[in-house]
Amino acid sequence: MAQFKNKSALVNELRYTIANDIEVACQALDFIYSRQLEDEKYFEHTRHFNLMGFNKPDADILSKVAKARLSSTILTEDQISQIKSRMPKYARQIINYRCKVGELRKDHGYYNM
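The model shown is predicted, which means the values in this text are computed figures rather than measured ones. (Residues numbered from 1 in each chain as written. Predicted model: local features only at pLDDT ≥ 70, side-chain atom pairs only at ≥ 80, totals over all residues. Heavy atoms only, no water.)

Trainee: So, helix 6 (residues 91-100): which residues are in play, and what are the values?
Mentor: If you check which residues of helix 6 are buried, you get Ala-91, Gln-93, Ile-94, Ile-95 and Cys-99. As for helix 6, its buried residues are in contact with helix 1 (7-20), helix 2 (22-35) and strand 3 (110-112). (Buried < 20%, exposed > 50% of the residue type's maximum accessible area, 1.4 Å probe, protein only. Helix = DSSP H or I, 4+ residues; strand = E, 2+ residues; numbered from the N terminus. Contact = heavy atoms within 4.5 Å.)

Here's what the structure looks like:
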């Protein structure tokens, strides 16, 4: 189990992992898509500034890719490339949420992952 002294180190590790492991990148995509509000999912773009979900430049493409995954469509190489290049920036949102709901917490001065 890896240990991290602070959230920044944890975020950096998750960014690296998302960029280099398509399974983790797809899990991140699914999680962030689940945080989009229903109207944002429907219109496939960001409509609310609430620090949840995709940013405006990513909302269209990543919403479409997330919907493709939900319908069990096999992803194209371009879609995989989009996920791996766009999803690392959402690592902080994922870590912050996991801390907020108690899935991640410091134990003896370290975050464990």
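Trainee: Mind laying out the packing of helix 1 against helix 2, listing which residues take part and the relevant values?
Mentor: It is at 5 Å that the axes of helix 1 and helix 2 come closest, and there the two elements cross at 110°. The angle between helix 1 and helix 2 falls in the class roughly perpendicular. The crossing of helix 1 and helix 2 is left-handed. For the pair helix 1 and helix 2, the contacting residues are Leu-14, Thr-17, Ile-18 and Asn-20 in the first and Ile-22, Val-24, Ala-25 and Ala-28 in the second. Split by residue class, the contact of helix 1 with helix 2 holds six nonpolar, two polar and no charged. (Axes fitted to C-alpha atoms, helices over the stretch in contact; angles between N-to-C directions. Parallel < 35°, antiparallel > 145°, perpendicular 65-115°, else oblique. Left-handed = near helix turned anticlockwise from the far one by under 90°. Nonpolar A, V, L, I, M, F, W, Y, C, P; charged D, E, K, R; others polar.)

Trainee: Can you break down the nonpolar core residue by residue, with the values?
Mentor: Nonpolar side chains in soluble globular proteins tend to be buried together. Membership of the largest hydrophobic core comes to 27 residues, with the highest contact counts inside it found for Ile-18, Leu-29, Phe-54, Ile-83, Met-87 and Ile-95. Mapped onto this core, the elements with two or more residues apiece are helix 1, helix 2, helix 4 (56-70) and helix 6. The dominant element in this core, judged by the number of residues it contributes, is helix 2, at six residues. (Core = buried A, V, L, I, M, F, W, Y, C linked by side-chain atoms within 4.5 Å.)

Trainee: Can you explain unusual backbone geometry? Please cite residues and give values.
Mentor: We note that Ser-72 has phi near 65°; this positive angle belongs to a residue other than glycine. Judged by its relative accessible area of 66%, Ser-72 is exposed.

Trainee: Run through the packing of aromatic side chains, naming residues and quoting values.
Mentor: Tallied over the entire structure, the rule returns three aromatic pairs. With a centroid separation of 5.2 Å and 55° between ring planes, the pair formed by Phe-31 and Tyr-97 is classed as tilted. Remark: Tyr-97 occurs in helix 6 and Phe-31 occurs in helix 2; sequence separation between them is 66 residues. Owing to a relative accessible area of 24%, Tyr-97 belongs among the partly exposed residues under this scheme. An angle of 35° between the planes, with centres 6.5 Å apart, marks the rings of Tyr-33 and Phe-54 as tilted. Remark: Phe-54 occurs in the loop between helix 3 (38-43) and helix 4 and Tyr-33 occurs in helix 2; sequence separation between them is 21 residues. Every member of this aromatic cluster is reached through a ring pair, and the members are Tyr-33, Phe-54 and Tyr-90. (Phe/Tyr/Trp six-rings, centres within 6.5 Å; stacked < 30°, edge-to-face > 60°.)

Trainee: Can you break down the side chain of Ser-63 residue by residue, with the values?
Mentor: Its location among the elements puts Ser-63 in helix 4. For Ser-63, the side chain forms a polar contact with the main-chain oxygen of Ala-59, separated by 2.7 Å. (Polar contact = N/O pair within 3.5 Å; in protein donor to acceptor, adjacent residues only side chain to side chain.)

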